[in-house]
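# Fold and contact review
Listed below, chain by chain, are the residues.
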Amino acid sequence: YRAAGLSHLLVVSGLHLSLLAGTAHGLLARVLSRRKAALAGLGFVVLFTLLAGLTPSIVRSGFMWGMIFLGDILGRRAHAPTSLALAVGLMVLQNPWAAADVGLLLSVTATLGMLFSGRVARALKKRLPHGTGWRRVARGLLLAVVPSACATLFTLPVLVAAGLGLSLLGIPAP
C-alpha cells in the first residue's frame, strides 16, 4: 500500500473521522433537528478522537468537525480555512513539537489541497463544455480526480522532505 501511495487508507486518520462524522451527521440530520444532529455529531467526534488515541491528524480533523457542528448548533456556518488554522495553531501552542510531526503536516497539507480543489473544480466546470456521451464522462472523471490530485500536489513537499516518495497511483483514491 505504501508503494502505491494508498497507506493513508489503512491508518486510522482524519480521513476516516471525516468519512464517519460526515456520514453520521448526514443520516442523523434526516431524523433529528439540525441542532440535535450536530450535538450527536459532536459527541461522536469526541468519542472517536479519544478512542483513536488523539493522534495529530485525528485531533486536527476532530477540531474542524467540532467547528462545523458548533456552527450548526449556533446557527452559523464554519469557515474551513479558519477552522484549520485555529486547529493547527492550538495544537502547536499545546505542543510545539507537533509542528514537526509528519502525520500532522501531511494531514494539514492534504486538507489544504482538498480545500483548494473546490476552486480548481469550479474553474474547470466553467471551462469544460458539458457535452454528451464521452465528453460528459470525461468531464465527470476529470472533476472526480481533482480533489485527490490537489491533495497529492499539496502533500508533495512534505513527502519529499520526509523521504517518503510519491506514487501517482494514489491519485484516483480518496
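Keep in mind it's a predicted model, so treat the numbers as computed, not measured. (Residues numbered from 1 in each chain as written. Predicted model: local features only at pLDDT ≥ 70, side-chain atom pairs only at ≥ 80, totals over all residues. Heavy atoms only, no water.)

Here we take up the overall build of the chain. Counting secondary structure elements, the chain contains six helices and zero strands. Reading the secondary structure of the chain in the N-to-C direction produces α-α-α-α-α-α. Within the chain, buried positions represent 29% of all 174 residues. Summarising the internal contacts of the chain: among those between residues at least 6 apart in sequence, 68% fall at separations of at least 24. Per element, the accessible surface of the chain, about 10900 Å² overall, is 70% carbon and sulfur. (Helix = DSSP H or I, 4+ residues; strand = E, 2+ residues; numbered from the N terminus. Buried < 20%, exposed > 50% of the residue type's maximum accessible area, 1.4 Å probe, protein only. Contact = heavy atoms within 4.5 Å. Areas by Shrake-Rupley, 256 points an atom, 1.4 Å probe, with all protein chains shown as cover.)

Side chains that are three or four residues apart share a direction in an α-helix, a result of its 3.6 residues per turn. Its 28 residues place the ends of helix α6 (residues 134-161) 40 Å apart at the C-alpha level, agreeing with the 40 Å of an ideal helix rising 1.5 Å per residue. Thr 155 marks the point of greatest bend in α6, at about 45°, and the proline Pro 157 comes within the next four residues. Within α6, burial applies to Arg 139, Leu 143, Val 146, Ser 148, Cys 150, Ala 151, Thr 152, Thr 155, Val 158 and Leu 159. Tucked into the core, α6 has its buried residues touching α5 (102-127). Immediately beyond the C-terminal end of α6, within one or two residues, lies Gly 163, with a positive phi of roughly 70°. (Expected span 1.5 Å × (residues − 1). Bend = angle between axes of the 7 residues up to and from the residue.)

A few words on the confidence of the model for the chain. Counting all residues, the mean pLDDT for the chain is 86, and 88% of those residues have values of 70 or more. The weakest mean pLDDT in the chain belongs to α6 at 87; the strongest belongs to helix α4 (residues 80-94) at 94. (pLDDT = per-residue confidence, 0-100.)

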